[in-house]
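Notes for the structure review
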Amino acid sequence: MKDTLFKQIDIPFDFRHTCWFCGEPSQDFINLPASAHLIPKLEHEPIAIPACDECSRITFPNDIRCAWSLRDHIKNILIARYAKHLGIGENWTEQELVDTEFSGSSLGGFGRSAWAMFEIAKTRVSFSGWSLSVDEVPLVNYDEISGFTFDGTKFLSLNSCIDYYEKATGIDKELLTKLVEIVKPERFDYALKISKLNKRLSHSERLDILEEVALQETEQEEIDNDAQFRQRCIDVSIEDVMVEGCVAPAFSIQWALSKGVRNLDHLCAFEDDYFDEFEYLGGPAAFMTYNGLQLYLEARKNKRWVEDNDPNRALWEQ
Ligand SMILES: [Zn+2]
């Protein structure tokens, strides 16, 4: 019900009769706060927000202090309620569902309606409303960085996101929780991928996976630190050189200078040394840089080329 105490938020023409929370046709308004004695606790003036039948029936706690946290609250109720529908899109692709329709399997018409249910649910939980204002005065005051956003959906917290994937896809909650601790929430997609591939685990299977991922992460960190350290050690006066479409990178030229490698024959004698030193780049990348260095040293045999093309010539003369 609209009430004079609650001012209706501005509704852009394109969104008339639209639920601000989920994008479905609006039938009603939600008054915020839920009762007049809570007005002093609100971060903005009391407002009436257009809502669909379902969203307007969702009850909310008294400690909700602004429209945006009310939206987070309602979205999370919708996510929990439609987890099974949302799970369809998490577990299947549209093509797989279409295939079930044509395969004459016992699933029958499951594919088309299942995908439609997924799309409706996904659109509703991803709908982000429009900017809030009353009489064209914008409402502000919200900490937009709170909560956890993944794949276009904002969850109340990282934990409610994990709960959602447990409900929607049947992943092992403990595995996903611990994986996110190891790889950090920024790489939630990676943790989720591993969890989707490893459902229904025994205690020891779970431990094995966690141990393996933790080890991979430590190794990767060492490689990154090493690469960063090496990057910092590169002499900035040395420049990359392009020869016949290949690059002799500054770090490989610096290495050659430091080893006293002055020509191709020298380089051949130090080949193993080179690959030991730059192993961290990975085989193909190390080979490419070695090849670039070879071509550079070959080109340097030609004095004219050196005069015209070698930005590092002064360094070789020291
Ligand atoms: Zn709604």
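Residues numbered from 1 in each chain as written. Predicted model: local features only at pLDDT ≥ 70, side-chain atom pairs only at ≥ 80, totals over all residues. Heavy atoms only, no water.

**Observations concerning the packing of helix α6 (residues 158-169) against helix α7 (residues 173-183)**
We apply this condition: Fitted lines through C-alpha atoms give the axes, limited to the stretch in contact for helices. The angle between two N-to-C directions lies from 0 to 180 degrees. Each helix is a run of DSSP H or I of at least 4 residues and each strand a run of E of at least 2, with the numbering of both proceeding from the N terminus. By definition, turning the near helix anticlockwise from the far helix through less than a right angle yields a left-handed crossing, and turning it clockwise yields a right-handed one. We call two residues in contact whenever any of their non-hydrogen atoms come within 4.5 Å of each other. Residues are grouped as follows: Ala, Val, Leu, Ile, Met, Phe, Trp, Tyr, Cys and Pro are nonpolar; Asp, Glu, Lys and Arg are charged; all remaining types, including Gly, are polar.
In the contact formed by α6 and α7, the axes pass within 10 Å of each other and the chain directions differ by 145°. When you trace α6 past α7, the crossing you get is right-handed. Where α6 approaches α7, its residues Leu 158, Ile 162, Asp 163, Tyr 165 and Glu 166 are matched on the opposing element by Lys 173, Leu 176, Thr 177 and Val 180. Residues belonging to the contact of α6 with α7 are distributed by class as follows: five nonpolar, one polar and three charged.

**Looking at the nonpolar core**
Applied cut-off: Note on terminology: a nonpolar core comprises buried Ala, Val, Leu, Ile, Met, Phe, Trp, Tyr and Cys residues joined through side-chain atoms within 4.5 Å. Under the scheme applied here, a residue whose accessible area is under 20% of the maximum for its type counts as buried, over 50% as exposed, and between as partly exposed, the area being computed with a 1.4 Å probe on protein chains only. Domain limits in this description derive from either an automatic procedure or a database domain assignment.
Grouped together as the largest cluster of nonpolar side chains are 53 residues, with contacts concentrated most on Trp 20, Phe 21, Cys 55, Tyr 165, Leu 176 and Phe 188. No other element matches helix α2 (residues 67-81), which puts six residues into this core. No fewer than three residues from each of domain 1 (7-67 + 77-136) and domain 2 (140-233) sit in this core. Leave out the neighbours within four places in its chain, and Trp 20 touches Ile 9, Ile 49, Pro 50, Ala 67, Trp 68, Arg 71, Phe 127, Gly 129, Trp 130 and Leu 132. Listed in part, the 25 residues of the second largest apolar core include Ile 253, Leu 257, Val 261 and Leu 295.

**A short note on the domain arrangement of the protein chain**
Looking at the protein chain, the domain boundaries give domain 1 (7-67 + 77-136), domain 2 (140-233) and domain 3 (241-317). Inter-centroid distance (C-alpha atoms) of domain 1 to domain 3 is 61 Å.

**Structural notes on the side chain of Ser 133**
The line we're drawing: Under this definition, polar contacts are N or O atom pairs within 3.5 Å; protein pairs additionally need one hydrogen-donor-capable and one acceptor-capable atom, and for neighbouring residues in sequence, both atoms have to be side-chain atoms.
Relative to the helices and strands, Ser 133 is located in strand β4 (residues 133-134). Judged by relative accessible area, Ser 133 falls into the buried class, the value being 14%. Separated by 2.7 Å, the side chains of Ser 133 and Asp 10 make a polar contact. Sequence-distant contacts of Ser 133, that is, excluding residues within four places in its chain, are made with Ile 9, Asp 10, Pro 138 and Leu 139.

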